[in-house]
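One letter stands for each residue in the lines below.
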Amino acid sequence: MKGIMKSLAVTMSTFIRGPVTRNYPTEHRELPERDRAFPILLWDQDIDEPFCTGCHACERACPVECMTVLMKDNPAHESQGGTSKRRKIVDEFWIDYGRCMRCNICVEVCNFEAIAMNNTWQGHEMSVYDRSDLVMDLPQLMSQSKAEEIQEWVAD
Amino acid sequence: MSDGIFGVENAWLDAAIRIQLIVGLMTVVVMGLIYLERKILARFQQRLGPTRTGPAGLLQSVADALKLVGKEDLRPRNADPWTFELAPYLVFVPVFLGFVVVPFVAGWEVRVVELGLIYFVSVSSLSIIGWIMAGWGSDNRYAMIGGMRAAAQAISYELPLVLALISVAMVADSYNLEEIVQGQAATPNIVWQPLVVVVFLIAGLAELNRTPFDIPVGESEVVGGPFVEYSGIRWSFFFLAEYAALFIMSLIFAAVFLGGWAWPLGEEWGRGWQLVLVSVKAGTFMFFVFWVRASVPRLRIDQLMSFSWKILLPLMLVQVLINGAVLVYGGSLWILTIAGLVGVGVLAKLVGDAVSQPRPKVVAASAEGEVAS
Amino acid sequence: MTTDGTTPAGDESEASVAELVDTFENTIWPSIDRVLAGVDVRPERGVLDLIVHVPRADVVRALRMLKQGDELQFNYLRSLTAVDNEADGVDVVYHLYSIPKNINVTVKVTLPADDKVLETATTVWQAANWLERETAEMFGIRFTGHPDPRTLLMPEDMTDVFPLLKSHPFAEIELLQGELLGHERGAGGDE
Amino acid sequence: MVTETAPEFETQDLLINVGPQHPSTHGVFRMVLEVDGEVVKELVPHIGYLHRGAEKLCENNDFRQGVGYMDRTEYLAAHNAELSYVMAVEALAELEVPARAQWIRMILCELNRLSSHFMFFGAFGVDVGVFGTPFVYAWRERETLIDLFEEISGDRMMYAYFRAGGLAWEVPANFKERVHEVLKSSRQGVKDFDGLLTENEIFIARTKNVGIISAEDAIEIGMSGSSLRASGVNLDIRKTEPYLFYDQVEFDVPLGENGDVFDRYYVRLQEMEQSMRIIEQCLERLEDGPIMPEKMPRMLRLPEGQEVYIRTEAPRGEYGVYLVSKGGNKPWRLKVRSACLSNLQALRQMSVGQYVADAIIILGSIDIVLSEVDR
């Protein structure tokens, strides 16, 4: 009986220690800054256009090929009277979050620091009814960064 | 024998009203018990338990009940129709029959039955038939094994339970629960029969199919046992029966061993205080059951049966022998207490060295350790 | 890396066998050569372990000698797999380890691409049982005398397609992300 | 049987299908038990439900992309899986990994061993029958460990943090304090499990002398890791073939005596204490420095015609990566040697003749992860 008494003692000690769980949807855990939900594009606030120039670097480096990028000439380039120094700008950008395996390689290969991993709860809590709704197009990818909700973290 | 409730003369009508009262009380108590168990078990596991439905999750059981009522109760195509349909009732009804003799407070039993204890035991063992029917009727291998296990376990733990209650009845020299409770006004029976209390706790756990004896419904082996194929209201009947049995077992434990409403307070404190006293005593039994459920693993079927036949039954037979000898030859009841404590020591020792050995010293090969092939 | 790690040899020029032999002096090759006297064995330098090529006919005999000889005692079959070299056949690779002696060796057998049949090694180690079943279903090798030649990971009826062969194509991605939204392929998809 | 039973009293054996959807098969694993009453007469395992062709996929991905697939072949100890893959690539490319990166790798692999063993204790406790308490204790400890992993790599279970040559990026500044914190709570977790299960009479009755496998059979079947050491075979790759800096830290290798379910449980419990000891020593030795070699080629190409078989001690046993390269930036052939696959081969031999309830906990005691079995 000694062993059973010991087990009862252990459970009583945890009874006294009190709960460690939290009520998830109402209380959120504070996410670390390096958290990786899904890749999103970053918005250049002062020139008011995306950092991404559509150079396909991330698309080629992606192991699961979940990205499709289209490039176009930048209408807001200095030669056309604009303020931006980027000659090329992203035209269309799709990421299929259903295929992405969140390995952070696209962030590493991007040499314009235009893509980063979403480290907000909104990036995690994304549920859709149809698999094709997981394919994010350009506006959706840039919405959070445009609204300045993202303090992105990119490895130096 | 109180005269009819609410002044009703006709005995049948009186009994019917009392039974309706009990059934109504039971559904509320069972819902409360389910909620309490989930909260207490959660606390043991450092969890919050239900918190969403209602303030601090109080309406959780109501939500469960509504869901279960709303769910479609399926029947497997080639299940045996009658056995499958009737199994829940055969499990559910005997438990409620047991409430006839339970002494809540001074005058509030449904009927004061002269052979109350024997009636309780014989009625509560009827529900095994329901388990086997559920196991056989639902044409599912896990259910079949669960049903057979339920039968084996219930039979082997019926005997120690009956002998335990008989030896207490010998001390109180009456089977009528009313008199047993009144007889304990001075000292509760637990003082005279410590070994019997321990054996009653163990056998009670086995009767309720609670850990460490939840073999018929062990999730990791037989995935829910006989209830596997049930869903909706039928499944809730089994669930209701299980908690009703827990409630009635704790009330009997309070009445027979801890002196029910009689012991510390006695008659003159009025029914209100007696009700509080009985519920506290029943609550200790239930807390013990929840506590054991959170901390002790499950026995295997052969260990369970050998434990009952080889250890509990002989101990109980010896206990009855000693009771008889002391009561007939007029020895003082303290001898019973000593004998009981010796019995508890023997039981602990038997369980202890039958299994465990000194803390296993696992040979820790040092850094360059010889390579044992 | 310890055990018998050695500096990797230069490129595999066809030096004379004598010169090849002496470059192995600090590996376990001399003892293996002694143990496998009856088998014509060709050593090869590995990055970590010594690689020994054994002809197909007497591979099981060689493995048994390696296991039962009290000088080497390779009593632990670490892993058994195959490598598809397309034109010059399929190599079946046995990684052996001796627990008492703490030494490793890799035994390789080359099977011609058209006739992939090999004697089973389950008579030597029981460990080979599932490993051979997996290699068989992935590479199409038939291990004669295997106690239970069913497929291991593949569905029971998939005994004609061998996924790990180089000839087996990668599944084409049916719908690039763009198409899902009605954008036709080819406008700047990956190269 | 003493007497010949008359034909009409012959009992019929029952075929029970345990899994692939079953609460205690630890994943999509199916075993068909042929049961006579409660005794298991025959056990036929079926695997392959989680086969995603990781080896074929790796052949189409270069050496940075493959790390993500390695996590998925071992979701309970992804650091250990990445370690083998990354060490294989470094062995072929002859990359010199800086000391700091190796120390951090050792710490993370040992922490991952703790979180994986906690998962074992949680699931095993529930298999033996305690209603949920060990599982929630295990989750309390795993959460603290996984929070630390998330702070370092950004992901809870699929880290993709190791790279050929070192680490993807630097650990956060408060790394040492956080590891000490986590160790303190893990120590409490191990004490809880020890108190809850080790000396519990019913637990001992259920696990002692159940599912015994002898040392010779274990070697013959190719078992590895704690299941092998529980049968008394002193084979721990961190000791026999030290990699990283395992030869510069002292730790013991716990061995069992008679290879039953209890020994497999108790060896793992002791291994956790040894892991914590290793982590503390590593933390003292950890000093600043680079985490990647300076001259790292932008696109890593491996020499032509080389092959290597790297094996490391993962929580479940020997996790080996056999990498064959014919030049270029993609492996020609990558074989993952799965410890669970070999341990699972012994399941039939251990379970036949035991009770149904024992077959379940024997399966639990060899601690299988189906993504590693099926790859």
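Residues numbered from 1 in each chain as written. Chains lettered and ligands numbered in written order. Predicted model: local features only at pLDDT ≥ 70, side-chain atom pairs only at ≥ 80, totals over all residues. Heavy atoms only, no water.

### Thoughts on the overall build of chain C
Then comes step 1: Within chain C, the regular secondary structure consists of 5 helices and 7 strands.
Then comes step 2: Helices and strands in chain C line up, N terminus first, as α-α-β-β-α-β-β-β-β-α-β-α.
Then comes step 3: Counting every position in chain C, which comprises 191 residues, the buried fraction comes to 52%.
Then comes step 4: Here the contacts in chain C between residues at least 6 apart in sequence split such that 50% fall between residues at least 24 apart.
Then comes step 5: When the accessible surface of chain C is totalled, it reaches about 8900 Å², and 55% of it is carbon and sulfur. (Helix = DSSP H or I, 4+ residues; strand = E, 2+ residues; numbered from the N terminus. Buried < 20%, exposed > 50% of the residue type's maximum accessible area, 1.4 Å probe, protein only. Contact = heavy atoms within 4.5 Å. Areas by Shrake-Rupley, 256 points an atom, 1.4 Å probe, with all protein chains shown as cover.)

### Remarks on unusual backbone geometry
Then comes step 1: Put simply, Thr-211 of chain B and Pro-212 of chain B share a cis peptide bond, and its omega is -5°.
Then comes step 2: Note that Pro-212 of chain B resides in the loop between α9 (194-207) and α10 (219-222).
Then comes step 3: Here the phi dihedral of Glu-113 of chain A falls at roughly 45°; this positive angle occurs in a residue that is not glycine.
Then comes step 4: Locating Glu-113 of chain A in the fold gives a position in the loop between α3 (105-109) and β6 (115-117).
Then comes step 5: The phi angle at Asn-209 of chain D is positive, at roughly 50°, despite the residue not being glycine.

### Quick notes on the sheet that holds strand β9 (residues 333-337) of chain D
All names here are of chain D.
Then comes step 1: In space, the 3 strands of this open sheet follow the order β7-β8-β9, with antiparallel pairing throughout. Where the open sheet ends on each side, the last strands, each with one partner, are β7 (306-314) and β9. Strand-to-strand, the axes of this sheet are offset by a mean angle of 10°, without reference to chain direction.
Then comes step 2: Pairing of β7 with strand β8 (residues 317-325), which is carried by 9 bridges, proceeds in the antiparallel orientation. Its bridge partner being in β8, Gln-306 is matched across the sheet by Ser-325. (Pairing = 2+ DSSP bridges. Axes fitted to C-alpha atoms, helices over the stretch in contact; angles between N-to-C directions.)

### Observations regarding the pairing of β7 of chain D
Then comes step 1: β7 of chain D sits mainly inside the fold: 8 of its 9 residues count as buried.
Then comes step 2: With antiparallel pairing between neighbouring strands as the criterion, β7 of chain D and β8 of chain D make up a hairpin whose turn holds 2 residues.

### Let's talk about the environment of Ala-82 of chain C
Then comes step 1: Locating Ala-82 of chain C in the fold gives a position in strand β3 (residues 76-84).
Then comes step 2: Between the C-alpha atoms of Ala-82 of chain C and Pro-100 of chain C, which are 18 residues apart in sequence, the distance is 27 Å.
Then comes step 3: Aside from chain neighbours lying at most four places away, what touches Ala-82 of chain C is Val-90, Asp-91, Val-92, Val-93, Thr-135, Phe-139 and Ile-141 of chain C together with Arg-333 of chain D.

### Description of the sheet that holds strand β7 (residues 135-136) of chain A
All names here are of chain A.
Then comes step 1: Spatial ordering of the open sheet is given by β4-β5-β7, a layout of 3 strands whose pairing is antiparallel. The open sheet terminates on both sides in strands that have one partner only, identified here as β4 (67-73) and β7.
Then comes step 2: Judged from the 7 bridges that link them, β4 and strand β5 (residues 88-96) form a sheet pairing that is antiparallel. Pairing of Met-67 across the sheet is with Ile-95, part of β5.
Then comes step 3: Those strands touched by helix α5 (residues 138-146) are β5 and β7, and its axis lies near 100° from that of β5.

### Re the pattern of salt bridges
Then comes step 1: Scanning the entire structure with this criterion turns up 67 salt bridges over all chains.
Then comes step 2: The partner of Arg-75 of chain B in a salt bridge is Glu-85 of chain B, with the nearest N and O atoms 2.6 Å apart. With Arg-75 of chain B in the loop between α2 (60-70) and α3 (81-97) and Glu-85 of chain B in helix α3, this pair connects stretches of sequence that are 10 residues apart.
Then comes step 3: The class of Arg-75 of chain B is partly exposed, set by a relative accessible area of 41%.
Then comes step 4: Note that Arg-333 of chain D is salt-bridged to Glu-55 of chain D, the shortest N-O span being 3.2 Å. Note that Arg-333 of chain D is positioned in strand β9 and Glu-55 of chain D in helix α1 (residues 54-58), a separation of 278 residues in sequence.
Then comes step 5: For Arg-333 of chain D, a relative accessible area of 3% puts it in the buried group.
Then comes step 6: Since its relative accessible area comes to 6%, Glu-55 of chain D is described here as buried.
Then comes step 7: In this structure, a network of salt bridges that share partners links the residues Glu-110, Arg-113, Arg-229, Asp-236, Arg-238, Glu-271 and Glu-313 of chain D. (Salt bridge = Lys/Arg side-chain N within 4 Å of Asp/Glu carboxyl O.)

### Structural notes on the packing of α3 of chain B against helix α11 (residues 233-257) of chain B
All names here are of chain B.
Then comes step 1: Between α3 and α11, the shortest axis-to-axis distance is 9 Å and the interhelical angle comes to 20°. Judged by the angle between their axes, α3 and α11 are roughly parallel. As α3 packs across α11, the resulting crossing turns out to be left-handed. Taking contact as the criterion, the partners of Phe-84, Glu-85, Ala-87, Pro-88, Tyr-89, Val-91, Phe-92, Val-95 and Phe-96 in α3 are, on α11, Arg-234, Phe-237, Phe-238, Leu-240, Ala-241, Ala-244, Ala-245 and Ile-248.
Then comes step 2: Considering only residue class, the contact of α3 with α11 consists of 15 nonpolar, no polar and 2 charged. (Parallel < 35°, antiparallel > 145°, perpendicular 65-115°, else oblique. Left-handed = near helix turned anticlockwise from the far one by under 90°. Nonpolar A, V, L, I, M, F, W, Y, C, P; charged D, E, K, R; others polar.)

### Structural notes on a nonpolar patch on the surface
Residue and element names in this part refer to chain B.
Then comes step 1: On the surface, Trp-82, Leu-86, Tyr-89, Leu-90, Val-93, Leu-97, Leu-126 and Ile-129 cluster together to form a nonpolar patch covering roughly 730 Å² of accessible area.
Then comes step 2: Among the elements that line the nonpolar patch, the one with the most residues is α3, at 6 residues.
Then comes step 3: Along the polypeptide, Tyr-89 turns up in helix α3.
Then comes step 4: Residue classification places Tyr-89 among the partly exposed residues on the basis of a relative accessible area of 41%. (Patch = residues over 30% accessible without salt bridge, like charges linked within 9 Å, V, L, I, M, F, W, Y side chains within 5 Å.)

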